[in-house]
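The primary structure of each chain is shown beneath.
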Amino acid sequence: MDDFYEVKVRKVEQLTADIKRYTFISERTELPSFGAGSHITLHLPMGNRQYSLINNPLDMENEYVIAVKKIGQQEGGSSYLHEKINEGDVVKVSPPHNYFPLRLEAKHHVFFAAGIGITPFLSMMAYLKSLGESFELHYAPSSEDDCPFYNEMNEMYPNQIIYYFMARDSKKKKLKETLKNLKVGAHIYTCGPQSFMDFIVDYCRELGYPKKYIHEERFKPAKVIENPQPFEVTIENKKKKVLVQEDQSLLDALHKAEIPLAFACRRGICGTCEVKVCNGEVLHNDAFLTDDEKRDKMLACVSRGIDHISIAVD
Amino acid sequence: MTEFRIDNISHVVIFTTQSYLSQANDSARKQTKVGHKCEVVIMPNTIDEARQILTRQPLGSGVLIYGEEDSSQVIEHLALSAGFSKHEIWINKSSVDNMRGFCSQCHLINEISSFEFFECENCHIKLQPSNHYSTYHRAYLAYPVIN
């Protein structure tokens, strides 16, 4: 389990009608440094919520900066931050993790963002600019008024950003043109609403771009399993059986049965909770394993068995 | 001769010297038959020209090189610095005679003919070539065989 830090809200800035920027500092301890693309987990009354860090890791002065868009229901994490958290308040955060790192072997980094999906790219672009590396951003906010960081980004990266303020069809056509013309040495990164990321990733596949050059930041599993069913699991190398309830993950069921299994993201992204599948059918719900790997592996945090499966854990 | 693996590659650029041109064209025909786009290029005279050809290739391309060792090595290094991964570069070897095994004990590079065990010419230790290939030494790392 992660340690956490109590950080103080030093500044809250309203960037657009529904996006605020929060700067957290610690007056007591040195906050861990982070890599471009990292996120922190905020421990909020309604549960843990992940937000990308947007400051330059190379300029970090014991502060974490995030941007939050108010979405969804009143009891959601973003509404809580927008309505209840003010300058001077204290919140708990876990240290940064990075499931969306820059690939430093790239000769050119190409970012595709929509909406609040811009956030991981802010730390990445600042970092790459500090190093003098080559990059470009393709950004599709819903409108200029809803575009956070518009002036800041134009000032910092005057020749590296292309905005897509246009109707959906024209936007798709232009994005396809851009993707089609990418040259060797480029790495593609995408973050934004699921439909946007699916569009980018699917078109890259259509173009035959190898998977290793395409990187996505998903804060949710790739799919959602509708109407999850309970299933039984035999842990072959522990000689144990556990029942996974419909509202429980395999990871939680293993922990409850005191079978240790390492984990980190709990969202099917990092691969830490991978287990070997010895027998049975699995509903895969992660964004980590390849099709080949899915034949005999699963991620215990998000994937589920059907009826009965056998697994082995290290 | 090892086959060029093009599982994840849809576009291939083939560099060749005049003396290997017919082999290169054969290879291009094979690639085209299976639906891959192919471009055959006679080994350029200048490094700049070769670099330009490599950097204009679409993302996800592969490079095949037909030529003598020196010129092949130059293209390979240019391709790596253009952003191709070593798995996307394939150098044709007209025979397997010039495979090289790097002795992990004394660092001598031995000429080998296969991935079978061999004895290092310098330290006489029995070695097994691994699949770890050094693009710098152009040799496979070979480990001592115990017993």
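Below is a summary of the structure that appears in this document.

About the cut-offs
Residues numbered from 1 in each chain as written. Chains lettered and ligands numbered in written order. Predicted model: local features only at pLDDT ≥ 70, side-chain atom pairs only at ≥ 80, totals over all residues. Heavy atoms only, no water. Pairing = 2+ DSSP bridges. Helix = DSSP H or I, 4+ residues; strand = E, 2+ residues; numbered from the N terminus. Axes fitted to C-alpha atoms, helices over the stretch in contact; angles between N-to-C directions. Parallel < 35°, antiparallel > 145°, perpendicular 65-115°, else oblique. Left-handed = near helix turned anticlockwise from the far one by under 90°. Contact = heavy atoms within 4.5 Å. Buried < 20%, exposed > 50% of the residue type's maximum accessible area, 1.4 Å probe, protein only. Polar contact = N/O pair within 3.5 Å; in protein donor to acceptor, adjacent residues only side chain to side chain. Buried area = accessible area lost by both parts, 1.4 Å probe. Salt bridge = Lys/Arg side-chain N within 4 Å of Asp/Glu carboxyl O. Phe/Tyr/Trp six-rings, centres within 6.5 Å; stacked < 30°, edge-to-face > 60°. Lys NZ or Arg CZ within 6 Å of the ring centre and 35° of its normal.

Thoughts on the sheet that holds strand β14 (residues 274-283) of chain A
Residues and elements named next belong to chain A.
Inference 1: Across the sheet, which stays open at both edges, the 5 strands sit in the order β13-β12-β16-β14-β15 with mixed pairing between neighbours. Single-partner strands in this sheet number two, and they are β13 (240-244) and β15 (297-299). When the angles between neighbouring strand axes are averaged without regard to direction, this sheet yields 35°.
Inference 2: Of the pairings in the sheet, the one linking β14 to strand β16 (residues 304-312) comprises 6 bridges and is antiparallel in character. By the bridge assignment for β16, Val-277 is matched with Ile-311.

Overview of the pairing of strand β4 (residues 47-52) of chain A
Residues and elements named next belong to chain A.
Inference 1: Of the pairings in the sheet, the one linking strand β3 (residues 39-44) to β4 comprises 6 bridges and is antiparallel in character. Within β4, the residue paired with Ile-40 across the bridge is Tyr-51.
Inference 2: From the end of β3 to the start of β4, which pair antiparallel, there are 2 residues.

Considering the packing of helix α4 (residues 168-180) of chain A against helix α5 (residues 194-206) of chain A
Residues and elements named next belong to chain A.
Inference 1: Where α4 meets α5, the axes come as close as 10 Å, and the angle between the chain directions of the two elements is 40°. Between α4 and α5, the crossing angle belongs to the class labelled oblique. Crossing handedness for the pair α4 and α5: right-handed. Within the contact between the two elements, α4 uses Lys-172, Leu-175, Lys-176, Leu-179 and Lys-180 and α5 uses Phe-196, Phe-199, Ile-200, Tyr-203 and Cys-204.

Quick word on the side chain of Thr16(B)
Residues and elements named next belong to chain B.
Inference 1: If you trace the backbone, Thr-16 turns up in strand β1 (residues 11-16).
Inference 2: We classify Thr-16 as buried; its relative accessible area is 0%.
Inference 3: Separated by 3.5 Å, the side chain of Thr-16 and the backbone oxygen of Tyr-20 make a polar contact.
Inference 4: If sequence neighbours within four positions are ignored, Thr-16 has contacts with Leu-21, Ala-24, Val-40, Val-41, Ile-42, Met-43 and Tyr-66.

Thoughts on the interface of chain A and chain B
Inference 1: Listed as interface residues are 13 residues of chain A and, on the opposing side, 16 residues of chain B.
Inference 2: Taking both sides of the interface into account, the surface hidden between chain A and chain B amounts to around 1,100 Å²; carbon and sulfur atoms contribute 58%.
Inference 3: The largest per-residue losses of area from chain A upon contact with chain B belong to Lys183(A), Val184(A) and Tyr213(A), which jointly make up 47% of the total buried on that side.
Inference 4: Here chain A is connected to chain B by 1 salt bridge.
Inference 5: The interface formed by chain A and chain B holds 5 residue pairs in polar contact (both at pLDDT 80 or more) in total.

Comments concerning the sheet that holds strand β5 (residues 63-69) of chain A
Residues and elements named next belong to chain A.
Inference 1: Read across the open sheet, the 6 strands follow the order β4-β3-β6-β1-β2-β5; overall the sheet is antiparallel. The open sheet terminates on both sides in strands that have one partner only, identified here as β4 and β5. Here the average twist between neighbouring strands, direction ignored, is 40°.
Inference 2: Judged from the 4 bridges that link them, strand β1 (residues 5-16) and strand β6 (residues 90-97) form a sheet pairing that is antiparallel. Counterpart to Lys-8 in the pairing with β6 is Val-90.

Examining the packing of aromatic side chains
Inference 1: Under the criterion given, the structure shown has 15 aromatic pairs over all chains.
Inference 2: Relative to Phe121(A), the ring of Phe100(A) has its centre 5.8 Å away and its plane inclined at 55°; by these criteria the two rings are tilted. Separated by 21 residues along the polypeptide, Phe100(A) in the loop between β6 and β7 (108-114) and Phe121(A) in helix α2 (residues 119-131) bring together distant segments of the chain.
Inference 3: With relative accessibility at 1%, the residue Phe100(A) sits in the buried group.
Inference 4: Residue Phe121(A) is classed as buried on the basis of its relative accessible area, which comes to 0%.
Inference 5: A centroid spacing of 5.4 Å and a plane angle of 5° characterise the contact between Tyr163(A) and Phe165(A), whose relative ring orientation is stacked.
Inference 6: Assessed through its relative accessible area of 31%, Phe165(A) is described here as partly exposed.
Inference 7: Through successive ring pairs, a cluster of aromatic residues spans Phe100(A), Phe111(A), Phe121(A), Phe135(A), Tyr157(A) and Tyr189(A).
Inference 8: In this arrangement the basic side chain of Lys174(A) is found over the ring face of Tyr164(A), its NZ or CZ atom lying 4.9 Å from the centre.
Inference 9: Over the ring of Phe117(B) we find Lys126(B), and its NZ or CZ is 4.6 Å from the ring centre.

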